Amino acid sequence: LFFESDSWMFAPDDLMVGLYPESFWGVMGAAWVAVASLIAGAGAVIGARLRKTAGRAFAGKVCGLVYTESGKPRGTSTDR
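Residues numbered from 1 in each chain as written. Predicted model: local features only at pLDDT ≥ 70, side-chain atom pairs only at ≥ 80, totals over all residues. Heavy atoms only, no water.

**Examining the overall build of the chain**
When helices and strands are counted, the chain shows two helices and zero strands. In the chain, which comprises 80 residues, the share counted as buried stands at 4%. Here the chain displays about 7,300 Å² of accessible surface, and carbon together with sulfur accounts for 66% of that area. (Helix = DSSP H or I, 4+ residues; strand = E, 2+ residues; numbered from the N terminus. Buried < 20%, exposed > 50% of the residue type's maximum accessible area, 1.4 Å probe, protein only. Areas by Shrake-Rupley, 256 points an atom, 1.4 Å probe, with all protein chains shown as cover.)

Pasting the structure below:
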């Protein structure tokens, strides 16, 4: 769109290509994807745990429920 055919590429003997060869950008791209995936996964796990505990805290405040160690509310029909 803005560049004519391959005018955006550096010549093979340019200093930038010597400092940062194509293999460097491939490795950096893979590292970026890996780090972004780890951060997203950690955020999903933390969010799920927070949602679970926040849901219990909210239900306890509203309904007066107390949860057992198994994660089920005490005093329900399944505890009898």
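**Some thoughts on the layout of surface pockets**
Estimated volume of the largest pocket: approximately 270 Å³. By residue class, the composition of the lining of the largest pocket is nine nonpolar, no polar and one charged. (1 Å grid on protein atoms, 1.4 Å probe; cavity = no way out; pocket = protein on both sides within 12 Å on 5 of 7 lines; lining within 4 Å. Points joined across faces, edges and corners; volume = space filled by probe spheres on them. Nonpolar A, V, L, I, M, F, W, Y, C, P; charged D, E, K, R; others polar.)

**Here's the deal with the packing of aromatic side chains**
Each aromatic ring pair is summarised here by two numbers: the centre-to-centre distance and the angle between the ring planes. For the structure shown, the criterion picks out three aromatic pairs. Among the aromatic residues, ring-to-ring pairing joins Y20, F24 and W25 into one connected group. (Phe/Tyr/Trp six-rings, centres within 6.5 Å; stacked < 30°, edge-to-face > 60°.)

**Considering a nonpolar patch on the surface**
Among the surface-exposed residues, F10, L15, M16, L19, Y20, W25, V27 and M28 lie close enough to one another that they form a single nonpolar patch of about 870 Å² accessible area. Counting through the fold element by element, L19 comes out in helix 1 (residues 15-19). By relative accessible area, L19 is classed as exposed at 52%. (Patch = residues over 30% accessible without salt bridge, like charges linked within 9 Å, V, L, I, M, F, W, Y side chains within 5 Å. Salt bridge = Lys/Arg side-chain N within 4 Å of Asp/Glu carboxyl O.)

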